[in-house]
Amino acid sequence: MTEDDMDKVEVLCFNKILSKWYIQNARDLLWRSTRDPYKIWLSEVILQQTRVVQGTPYYVKFTSNYPTVYDLAAAPLQEVLRLWQGLGYYSRARNLHASARMVVEEYGGEFPRTARELVKLKGLGAYTAAAIASFAFDEPVPAIDGNVYRVMARIFGIETDILSPAAKKEFFSLGQTLISQDDPATYNQAMIEFGALQCVPVAPNCEVCVFKARCFAYAHQAQDRLPVKAKKIKARSRYLNYFILYNGQRIALKERVGKGIWNGLYDFYEIETQEPHGQLEDFAESYGLNHLLRGGVVEPVDKAFVHLLTHQKLHVRFWKVDFGQQALPALPEAYGVFDLDRVGSLPKPILIDQVLRQEGFLEQDEE
Ligand code: SF4
């Protein structure tokens, strides 16, 4: 649908209803009161794939530790990853850090003012670029996240698969038609908020909705069917077995390198098996573990963990191996042996951190 299909009066009317709803219903979120592109960017990156209640403390932590883009750019990556710990999707933290450096080094510390330029920053997609450009600089460019796709698809009855390239164009074009030229920031915020609070994915309360009279999905009872989304690829199962090799107050850990999701984070000695094994004896020999574990007292951690990532389902088991007074076995170069005092401050996948606390290696309430 474009401006040809919708006349100006209709667009104005849509905007009026939307902004009135927004004034009455918007949540008082910390980052809404700022026009600082750096803080808006932080909030947007933190909130990708993260709920507001979970993301808010991270926003507070990041803005107080790094009040300006210069502070973030100057921070060591390891410290940034450590602060990010618990939010998952660590590539976001790495991109955040790389982009902060880009802003300082290539743009003299000033964020670009248009979505077209902003999208060149590392890890910034079309949505985030548009959000920053409109919220901070009033650029009339539609910011279309999952919430907005849903609202548009339902109200205007768009059946295009929202994961298809065609949808990107179609929804963007409709967004351009709808967006308020006078106040694009409020329009974008309102659309996102409307999707988050009113036109929710499951069982929206349409009876109280301000768009009820003009909503295609309501008229056709198509709320469950819209937006159309192609089936997700089934997550691949992986079986990880971790060995916590320790003696006294020292633990062997390795920093993960490469392109994986946990790049730059520390974890334990790891064996990945092709299938699940409940008992160590079932796979110790075939994976050459007997030599490594010789001299240690092996104790399984009772609880098995399932960790969901975007396309992977990790089934994770842990074994503690206590070497008492003896030295730890010789390990490949990537491993280091760390005092527990130091382990607390290393960046780790949240799962590793949880197990260290659960098993008493770290204090329960340590940050
Ligand atoms: S009527 Fe229902 S489906 Fe339509 S916009 Fe409102 S909440 Fe969404």
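Definitions and limits used
Residues numbered from 1 in each chain as written. Predicted model: local features only at pLDDT ≥ 70, side-chain atom pairs only at ≥ 80, totals over all residues. Heavy atoms only, no water. Buried < 20%, exposed > 50% of the residue type's maximum accessible area, 1.4 Å probe, protein only. Helix = DSSP H or I, 4+ residues; strand = E, 2+ residues; numbered from the N terminus. Contact = heavy atoms within 4.5 Å. Polar contact = N/O pair within 3.5 Å; in protein donor to acceptor, adjacent residues only side chain to side chain. 1 Å grid on protein atoms, 1.4 Å probe; cavity = no way out; pocket = protein on both sides within 12 Å on 5 of 7 lines; lining within 4 Å. Points joined across faces, edges and corners; volume = space filled by probe spheres on them. Phe/Tyr/Trp six-rings, centres within 6.5 Å; stacked < 30°, edge-to-face > 60°. Lys NZ or Arg CZ within 6 Å of the ring centre and 35° of its normal. Near = heavy atom within 4 Å. Sits in = over half its atoms within 2 Å of the grid points. Nonpolar A, V, L, I, M, F, W, Y, C, P; charged D, E, K, R; others polar. Axes fitted to C-alpha atoms, helices over the stretch in contact; angles between N-to-C directions. Parallel < 35°, antiparallel > 145°, perpendicular 65-115°, else oblique. Left-handed = near helix turned anticlockwise from the far one by under 90°. Domains from an automatic or database assignment. Buried area = accessible area lost by both parts, 1.4 Å probe. Salt bridge = Lys/Arg side-chain N within 4 Å of Asp/Glu carboxyl O.

A word on helix α2 (residues 37-47). Among the eleven residues that make up α2, nine are buried, leaving the element largely enclosed by the rest of the structure. Buried residues of α2: P37, Y38, I40, W41, L42, S43, E44, V45 and I46, and no others. Of the surrounding secondary structure, the elements contacted by the buried residues of α2 are α3 (52-65), α4 (69-74), α5 (77-84), α6 (91-107) and α8 (126-137). In this structure D36 caps α2, since a side-chain oxygen of it lies 2.9 Å from the backbone nitrogen of Y38. After α2 finishes, the residue Q49 shows a positive phi value of roughly 55°.

Take empty space enclosed by the protein next. The final tally for this structure, using the stated rule, is one cavity of 30 Å³ or more. Quantified by volume, the largest cavity comes out at close to 100 Å³. Together, 14 residues line the largest cavity, and C199, P204, C206, C209 and C215 are the ones closest to its centre. Of all the secondary-structure elements, those providing two or more residues to the lining of the largest cavity are α9 (146-156) and α12 (216-219).

This part is about the packing of aromatic side chains. Applying the stated criterion across every chain yields a total of 20 aromatic pairs. With a centroid separation of 6.0 Å and an interplanar angle of 80°, the aromatic rings of Y242 and F268 are classed as edge-to-face. Separated by 26 residues along the polypeptide, Y242 in strand β1 (residues 236-247) and F268 in the loop between β3 (266-267) and β4 (269-273) bring together distant segments of the chain. Each member of the pair, Y242 as well as F268, is classed as buried. What links up through ring pairs into an aromatic cluster is the set F14, W21, F156, F194 and F211. Taking NZ or CZ as reference, K61 lies 4.3 Å from the ring centre of Y58, over its face.

Within the element layout of this structure, S134 appears in helix α8. Accessibility expressed as a relative area gives 0% for S134, which makes it buried. For S134, the side chain forms a polar contact with the main-chain oxygen of A131, separated by 3.2 Å. Within the structure, the side chain of S134 is placed 2.9 Å from the side chain of N188, a separation counted as a polar contact.

A cis amide bond links L226 to the next residue, P227, at an omega of 0°. Among the secondary structure elements, P227 is positioned in the loop between α12 and β1. Positive phi values are uncommon outside glycine, yet Y89 reaches one of about 45°. Backbone geometry places A203, a non-glycine residue, at a positive phi of 50°. Assignment of secondary structure puts A203 in the loop between α11 (184-197) and α12. The class for A203 is exposed, based on a relative accessible area of 59%.

On to the site of the ligand. With respect to spatial proximity, the complete set of residues near the ligand consists of R154, I155, F194, Q198, C199, P204, C206, C209, C215, Y218 and Q223. Most atoms of the ligand, that is more than half of them, are within 2 Å of grid points of the largest cavity. In terms of residue class, the shell around the ligand is built from eight nonpolar, two polar and one charged.

Where α3 meets α5, the axes come as close as 10 Å, and the angle between the chain directions of the two elements is 150°. Compared by their axis directions, α3 and α5 come out roughly antiparallel. Each of Y58, K61, F62 and N65 in α3 lies in contact with α5, whose residues at this interface are V80, L83 and W84. Of the residues contributing to the contact of α3 with α5, the split by class is five nonpolar, one polar and one charged.

Before going further, it helps to spend a moment on the environment of E207. Looking at where E207 falls in the secondary structure, it is placed in the loop between α11 and α12. Measuring from C-alpha to C-alpha, the distance between E207 and Y218 comes to 9.0 Å, with eleven residues separating the pair along the chain. Look past the residues within four positions of E207 in its chain and what remains in contact with it is K212 and Y218. Here the side chain of E207 touches Y218 through a polar contact of 2.9 Å, side chain to side chain.

Two numbers describe a pair of packed helices, the interaxial angle and the distance between the axes. Where α2 contacts α6, the two axes come as close as 10 Å, and the packing angle between them is 160°. Taken together, the axes of α2 and α6 lie roughly antiparallel to each other. Like other packed secondary-structure pairs, α2 and α6 cross with a definite hand, here right-handed. Facing α2, whose interface residues are W41, L42, V45, I46 and L47, α6 presents R92, L96, S99 and A100. Here the residues of the contact of α2 with α6 sort into seven nonpolar, one polar and one charged.

Turning to the domain arrangement of the protein chain, a few remarks are in order. Here the domain parsing of the protein chain yields domain 1 (8-219) and domain 2 (236-358). A straight line from the C-alpha centre of domain 1 to that of domain 2 covers 38 Å. Of the residues lining the interface, eight residues belong to domain 1; the matching set on domain 2 comes to 17 residues. With both sides pooled, the region where domain 1 packs onto domain 2 buries about 960 Å², and carbon together with sulfur makes up 46% of that total. At the boundary of domain 1 and domain 2, one finds zero salt bridges. By residue class, the composition of the side of domain 1 that touches domain 2 is three nonpolar, three polar and two charged.

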